[in-house]
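# A closer look at the structure
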Amino acid sequence: MLESIRKHSKLMQIVLFVLIFPSFVLFGIQGYSSFEGSADAAAKVGGQTISMQQLDAANRDEIARLQSMLGSAVDIKQLDTPEQKLRTLDGMIRQTLLQLEARREHLEVTDAQVQQAILQIPQIAALRKPDGSFDVQAYRSLIAAQGMNTAQFEAQVREQLILQQVLSGLAGSVIDSQALATAAAKAAAQQREVRLALFKPADYTAQVQVTPQEIETFYKNNTARFQKPESADIQYVVLSAAEVAAGIKVTAEQAKAFYDANLSKFSTPAERRASHILIAVPADATAAQQEQAKARAEAIAKQVKANPAEFAALARKDSQDPGSAEKGGDLGYFTADSMVKPFADAVFGMQKIGEIVGPIKTQFGYHIIELTGIKPGAQQPFDAVKASIEKQLQQEAAQKQMSADVEAFTNAVFEHPDSFQAVEDKLHLKVQSASNVTRTPQPAAPDAVSPLSSKAFLDALFAESSLRNKHNLQAIQIAPNVWASARVLSFSPAQTLPLAQVQTQARQKLVDQKAAELARKAGEQALKSPATLTFGAPQMINLTQPSPGVSPLIVSKAFGLSASKLPATAGVDLGAQGYAVLQLDKVIEGEAPAQLISAAANAEQQALTQGVMNAYIEALKKRFGVEILYKPKAEPAAAG
């Protein structure tokens, strides 16, 4: 086959180095040493203190991690609560316990183990240069983009490897049940046929009458639904590679020097098309076998040179390259560097289409080769690529500058939390202001990036600790190569709007609520006599795929019904969407594919492992002692 003579450069994908049990690892490597000396303790673990300042920092990091993972699926307002902070504190306590246990067991990892773990991370493994050496500068830039220096990152990896040693035996002690996994997979593969009778609030709106007194009562009982959103006046700074690049000038001389040094990048390599007949020779062939193969190849070469028209037919008959033999030996067009050297030298040494050479010896055997096509290479003139070279050099210079700038930016906003003067002085960034900023992202102009359009930025801005302390936010990456920070100058909590201002909205919401109540009552009444109902067309539903137009509440109810006696009916309260009566007509058992069983087994394994982990942590708590001092109710709400 063609692959038998082409050179392959196969990049081996190494298993991603995953930080063990992320729920335990909630803060960076500066961890417990960054804020030594804080007077307010959140917890004490085995004689070590976790400060409130540490807890605030860890909670910000955890929220940022979730936002990065799940994006808009995370409601930061719900996450940034005292209850969430307790969960973060629990994670910090768990990690501290594991660290204490690692020290008790005198666990260590060598520098070589740390280096090996780092080089297994795909993004870092990809930093090798063409000559095989490691691009240290690119490595530093990559780590700086994560808000760390290399020493911090390497210490974090070392810490995780040690904790991995503590936990490694626990995961292997769990034995899962294949029978349970198979049963769960079969349930997930099952389909159910249902028909629905829907009672929609819109069908009952005309029956609703509301009085001014009812509207006022509804307004008083639902003031949270008639609020002006919280807002803040802020200062912010933005660091972007685009602005850095705009300040970098590339001369025509620099562009020409790059062009001359990289001519191969601006040329199309010559290509040749050829057909071949391969007489294969095993790698361990004896001298006699070598001579026998050579003699056979010479005989075929003599035959095709005497009658070139027979080349394709002989290739189909005699070639031992199965990938090309059936195509008459045709290999298509290729460049010189895509073939082994003896083969390429022979092909690119021929000058005329139809020329035949051989036998040519390679590590695969003996080849008889016919040249069937020529595509000469082409060189792009400098003027045609000058603009793109200048842009490339500008961007490369900006990226190198950004590595240092991001680190300086990150450090400055952290080390001087009450002002952006340090950022302005070091990086010459413009400090901007914005008034009446809310949690809702603002539309951005096309091709523009604004912090006020970033949900992650706004969620961090309105986090409890940000509003309370009015400190600079840690540097947040709001887009590729764009970082921002902000600080709250003043905060206005949400305010309830007067009834006179929201009279129309209050009336409509009350009408909608009453219409939904009428729909529910009508559905419940109809459920008592299902034979009188008119159901819609049959629909197939299952647990693993969303059913268009079918509420998850209906799906859940349908799969909760017994299939022992069909048809079976049930009612489903859809809240503001009204009410549904469903009729289950048919159950279709599905075949559980191997991948579904495997997924169920993995889920079961994770659940069992988590149970073992929890028991282990409880044992460590008893060994070292834990005292939780943080009391959520004692922490006042943020105010302006």
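Residues numbered from 1 in each chain as written. Predicted model: local features only at pLDDT ≥ 70, side-chain atom pairs only at ≥ 80, totals over all residues. Heavy atoms only, no water.

## Thoughts on the environment of Leu499
Its location among the elements puts Leu499 in helix α20 (residues 499-527). On the accessibility criterion, Leu499 (19% relative accessible area) is buried. Through-space distance from the C-alpha of Leu499 to that of Lys220 is 8.8 Å; in sequence the pair is 279 residues apart. Excluding residues that lie within four positions of it along the chain, Leu499 makes contacts with Ile215, Glu216, Tyr219 and Ala506. (Helix = DSSP H or I, 4+ residues; strand = E, 2+ residues; numbered from the N terminus. Buried < 20%, exposed > 50% of the residue type's maximum accessible area, 1.4 Å probe, protein only. Contact = heavy atoms within 4.5 Å.)

## Focus: the packing of helix α9 (residues 212-221) against α20
For the pair α9 and α20, interaxial distance at closest approach is 9 Å and the crossing angle is 95°. With respect to α20, the element α9 is oriented roughly perpendicular. Across from Glu214, Ile215, Glu216, Phe218 and Tyr219 in α9, the residues of α20 making contact are Leu499, Val502, Gln503, Ala506, Arg507, Lys509, Leu510, Gln513 and Lys514. Residue composition of the contact of α9 with α20, by class: seven nonpolar, two polar and five charged. (Axes fitted to C-alpha atoms, helices over the stretch in contact; angles between N-to-C directions. Parallel < 35°, antiparallel > 145°, perpendicular 65-115°, else oblique. Nonpolar A, V, L, I, M, F, W, Y, C, P; charged D, E, K, R; others polar.)

## Comments concerning the pairing of strand β3 (residues 191-199)
Relative to strand β16 (residues 539-542), β3 runs antiparallel, the two being bridged by four bridges. Following the sheet pairing, Gln191 is matched in β16 by Asn542. Where β3 lies against strand β18 (residues 579-588), nine bridges are found, and the strand directions are antiparallel. Pairing of Glu193 across the sheet is with Lys586, part of β18. (Pairing = 2+ DSSP bridges.)

## Here's the deal with the pattern of salt bridges
Inspection of every chain in the model, using the stated rule, returns 21 salt bridges. Here Asp56 makes a salt bridge to Arg468, at a shortest N to O gap of 3.0 Å. Here the residue Asp56 occupies a position in helix α1 (residues 52-70), and Arg468 occupies one in helix α19 (residues 464-469), the gap between them amounting to 412 residues. Looking at Asp56, the relative accessible area reads 10%, which means it is buried. (Salt bridge = Lys/Arg side-chain N within 4 Å of Asp/Glu carboxyl O.)

## Some remarks on the packing of aromatic side chains
In this structure the tally under the stated criterion is ten aromatic pairs. Each ring, one from Tyr219 and one from Phe226, has its centre 5.6 Å from the other, and the planes form 45°; the classification is tilted. The burial state of Tyr219 is the same as that of Phe226; both residues are buried. On the basis of an interplanar angle of 70° and a centroid distance of 6.4 Å, the ring pair of Phe334 and Phe348 is categorised as edge-to-face. (Phe/Tyr/Trp six-rings, centres within 6.5 Å; stacked < 30°, edge-to-face > 60°.)

## Side note on the sheet that holds strand β19 (residues 626-628)
Read across the open sheet, the three strands follow the order β2-β1-β19; overall the sheet is antiparallel. The sheet is open, and its two edges are formed by β2 (48-51) and β19, each paired on a single side. Between one strand axis and the next, the sheet turns through 20° on average, direction left out of account. Sheet topology places strand β1 (residues 41-45) next to β19; three bridges connect them, and they run antiparallel. Looking at β19, one finds that Lys44 is bridged to Glu627.

## Let's talk about the environment of Ala57
By the secondary structure assignment, Ala57 is in helix α1. The exposure class of Ala57 is buried, given its relative accessible area of 12%. Each C-alpha atom of the pair Ala57 and Gln474 lies 9.3 Å from the other, and the pair is 417 residues apart in sequence.

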